[in-house]
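Descriptive analysis of the structure
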There are 2 protein chains.
Amino acid sequence: MKLAVFGYGGVGKALIRLIESKKEFLQAEGLDLSVNYIVEYYGGISARDGIDLPKLIEFTAVEKDITKFDGGSKDINVDTVVAAGDVDLAVIMTPTNKETGEPGLGFIRKLLAAGINVVTSDKGPVLLAYEELKELALKNGVQLGIGCTTGGALPTINGGMMDMAGASILSIEGVLNGTTNYILKEMEESGCSYREALAKAQAAGIAETDPTLDVEGFDTATKLLILTKVHMGISRSISDVDITGITGVTQEEISHAKAAGEKYRLVGRTSVAADGTVSMKVAPERVGADNIFYGVEGKNKAVRFVSDTLGDLVLIGGASGTTPAAASIMRDIINIHRGYKFVR
Amino acid sequence: MKLAVFGYGGVGKALIRLIESKKEFLQAEGLDLSVNYIVEYYGGISARDGIDLPKLIEFTAVEKDITKFDGGSKDINVDTVVAAGDVDLAVIMTPTNKETGEPGLGFIRKLLAAGINVVTSDKGPVLLAYEELKELALKNGVQLGIGCTTGGALPTINGGMMDMAGASILSIEGVLNGTTNYILKEMEESGCSYREALAKAQAAGIAETDPTLDVEGFDTATKLLILTKVHMGISRSISDVDITGITGVTQEEISHAKAAGEKYRLVGRTSVAADGTVSMKVAPERVGADNIFYGVEGKNKAVRFVSDTLGDLVLIGGASGTTPAAASIMRDIINIHRGYKFVR
């Protein structure tokens, strides 16, 4: 299988390392992966017989500009990849503009239309155009893997799709954001304020300098929107979600909960009332020891699907970092290789 | 897709009801299921254009002998199904002899050899001959789904295979038996003895009249053996597992644990030491509120996979009963329909 990799940041680099370190494992799967293109916004690398990955890893450990590597050129972009017509699957890991989904959305459209399978970590295109992209993939006989968009290593897409195959998903709830979970745990364990816990999370590289998307609940809401669309077939937008973040959670509340043997979790939930009304909500909730989210600690995440015929399924996990994110990209590639039709 | 269903007990009947009630759902999947054979040890039913399922459901609500239904005959068996050569997939739900795996093992061999996909709930053949059956399926270009053998609705096979695709599974642990979990919860909540809790479980139809396989830990060990074989490629037999059941757990121990905010769970675990030594153990363990198995209550089950690149994944769920078991058979059928190669 010949790959084109769009985006060579932290996850892109981790994916290249993973492809190299898992070479024998993948060959045992009958999967001979060669990376024929790596593309950044300013150019890329191409190699007809596959890029020399160990050499590239060494090279880019010190050099940022990938066009300086063998086969590098400022003229390599999505159009030249499509025109060359020699890749089977493209991985899209470009930074996304959440309003427009670009540049990923445009890339994915072009690649699918050219009959190239796509696996992406990019939330924007899924949020904005999942139905359109599914149609396009179907029409061109290729697949679209989106497992990395929602929870990374935690298989929230597989879980609702493969593990619940044949069941109707009636509701979804989840602790979907690792950063807020980390901050709440820090407040609980060290007795500090929200501000102090946030500062610690930022110092540890867990929270971003502008933590708004995480702490105000938008990241959780975005993931919930994707899961609701993919697993329940219900399309809503961010303005339809009733969102409360964790910035208002006080140490006093955390202490009260702790004294009662309870903890705070930022929970996202989609449910459907008897009359068909869809309700989507993100808010901090107090959970007791018997609530399955109680044990979802620190950077972990969790999702619960309630179904008609397969009962409830809770998935907990989702190691953080670039390697698990890259491994979740790899998971989609392998499941496509194993014949699974995410799009059908 | 044309089916032959072997075994028309509780799960078999639930599967037929499910196929009928999910007809439109399945058609939306592009999956038109017709049941062409239902086979019991004493004969069966055949219908070239598919058995009339609503009529059959009504008929067998009062009549036990399926050969009395339209198209019924005492001469229908696995050999006549194979000879007719008109089914795509066979579901094997026959009672199993754990020593020999029969009659399921012989059925599965004949069906796979004839180029018929097989989905089974039968543990025996998987325990005794998984590698051989995989080879046979591969050679004949068909699939073998075993999701229902281990945990029923809880997707322990999918979880380790699809959700962890591309990762190496380093260890497996699980609360894999609903009956023992129910008994332990009963002892904890009502303060009764093991004997009393067992009697309640038997009265509720949760524990069998001879509860040995469950309460002595053999069922957990069997499931652990299957998961270890399928996900870690390690073949062991029941005598290699260090097994302690729950019959020795006293109310005093449960009370002590409860006072400390802890609970008992029957945990099965496969781990590999640094020197490669494989250790498999089943035993009751005390778990605190921060242990993820703490919240696995009553009839629920759970499994945790530890991997190299995708971190840990815990799956919790597994509704009990014939419908969820049938739904887990259906899950395999659908995932095969969606192109997934369980065997490759």
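A brief report on the enclosed structure follows. (Residues numbered from 1 in each chain as written. Chains lettered and ligands numbered in written order. Predicted model: local features only at pLDDT ≥ 70, side-chain atom pairs only at ≥ 80, totals over all residues. Heavy atoms only, no water.)

1. Regarding the overall build of chain A
The test is simple: Secondary structure follows DSSP: runs of H or I at least 4 residues long count as helices, runs of E at least 2 residues long count as strands, and numbering of each begins at the N terminus. We compute the radius of gyration over the C-alpha atoms and compare it with the globule rule, which gives 2.2 Å times the number of residues raised to the power 0.38. Relative accessibility decides the category of a residue: with a 1.4 Å probe and only protein chains considered, values under 20% of the type maximum give buried, values over 50% give exposed, and everything between is partly exposed. Pairs of residues are marked as contacts when any of their non-hydrogen atoms sit within 4.5 Å. By the counting rule applied here, Lys and Arg register as positive and Asp and Glu as negative, while His and the ends of each chain are not counted. Where a charge sits is defined by one atom per residue type, namely NZ (Lys), CZ (Arg), CG (Asp) or CD (Glu).
Scanning chain A for helices and strands turns up 13 helices and 13 strands. The C-alpha atoms of chain A give a radius of gyration of 21 Å, which matches the 20 Å a tight globule of 344 residues would have. Along the first, second and third principal axes, the C-alpha set of chain A runs to 65 × 45 × 40 Å. Taking all 344 residues of chain A together, the buried fraction comes to 58%. Pairs at least 24 residues apart make up 71% of the contacts formed inside chain A by residues separated by at least 6 positions. When the 35 positive and 44 negative side-chain charges of chain A are each reduced to one mean point, those points stand 2 Å apart.

2. Focus on the relation of the copies chain B and chain A
In plain terms, the rule: We place the copies in one frame by least squares, fitting the C-alpha atoms of every residue whose pLDDT is at least 70 in both.
Under the fitted operation, chain B is carried onto chain A by 0.0 Å of movement along the axis and a turn of 180°, and the coordinates agree to an RMSD of 0.0 Å. On the angle and the small slide along the axis, the relation comes out as a two-fold axis. Looking at the interface residues of chain B, 98% of them are also at the interface in chain A, so both copies use one shared face.

3. So, helix H13 (residues 322-337) of chain B
Keep this limit in mind: An expected span of 1.5 Å times one less than the residue number is assigned to each helix.
Given a rise of 1.5 Å per residue, 16 residues ought to cover 22 Å, and the 22 Å separating the end C-alpha atoms of H13 of chain B matches this to within 8%. Most of H13 of chain B sits out of view: 13 of its 16 residues are buried.

4. Description of the interface of chain B and chain A
How big an interface is tends to be stated in terms of accessible area lost as the parts join. Heads up, the rule is: Only one rule defines a salt bridge in this text: a Lys or Arg side-chain nitrogen within 4 Å of an Asp or Glu carboxyl oxygen. In protein, a polar contact means a hydrogen-donor-capable atom and an acceptor-capable atom, both N or O and within 3.5 Å, with residues adjacent in sequence counting only if both atoms are side-chain atoms; elsewhere, any N or O pair within 3.5 Å suffices. All amino acids are sorted into three groups, where Ala, Val, Leu, Ile, Met, Phe, Trp, Tyr, Cys and Pro are nonpolar, Asp, Glu, Lys and Arg are charged, and the leftover types, Gly among them, are polar. A pair of strands is labelled paired if DSSP reports no fewer than 2 bridges between them.
Each side of the interface is counted separately: chain B has 49 residues, and chain A has 48 residues. Run the count over chain B and chain A and you get six salt bridges. Across the pair aspartate 308 of chain B and lysine 22 of chain A runs a salt bridge, and its minimum N-O distance is 2.6 Å. Between chain B and chain A we count 24 residue pairs in polar contact (both at pLDDT 80 or more) in total. Secondary-structure elements contributing two or more residues to the side of chain B that touches chain A are helix H7 (156-161), strand S13 (312-317) and H13 of chain B. No other element matches H13 of chain B, which puts seven residues into the side of chain B that touches chain A. Looking at the side of chain B that touches chain A residue by residue, the classes come out as 24 nonpolar, 13 polar and twelve charged. The pairing of strand S13 (residues 312-317) of chain A with S13 of chain B spans five bridges and is classified as antiparallel. Within S13 of chain B, the position partnered with valine 314 of chain A by the bridge is isoleucine 316 of chain B.

5. Digging into the sheet that holds strand S8 (residues 169-175) of chain A
Counted only if it meets this: Interaxial angle, 0 to 180 degrees, is taken between N-to-C directions of lines fitted to C-alpha atoms, where a helix line uses only the stretch in contact.
Pairing is mixed in the open sheet, where twelve strands are placed in the order S9(A)-S11(A)-S10(A)-S8(A)-S12(A)-S13(A)-S13(B)-S12(B)-S8(B)-S10(B)-S11(B)-S9(B). A strand with exactly one partner marks an edge of an open sheet, and here the two such strands are strand S9 (242-243) of chain A together with strand S9 (242-243) of chain B. The strands touched by helix H12 (residues 251-259) of chain A are strand S10 (263-272) and strand S11 (278-287) of chain A; relative to S10 of chain A, the strand with the most contacts, the crossing angle is about 90°. On top of the sheet, helix H11 (residues 218-232) of chain B reaches strand S8 (169-175), S9, strand S10 (263-272), strand S11 (278-287) and strand S12 (301-307) of chain B; it is set at about 155° to S8 of chain B, its chief contact.

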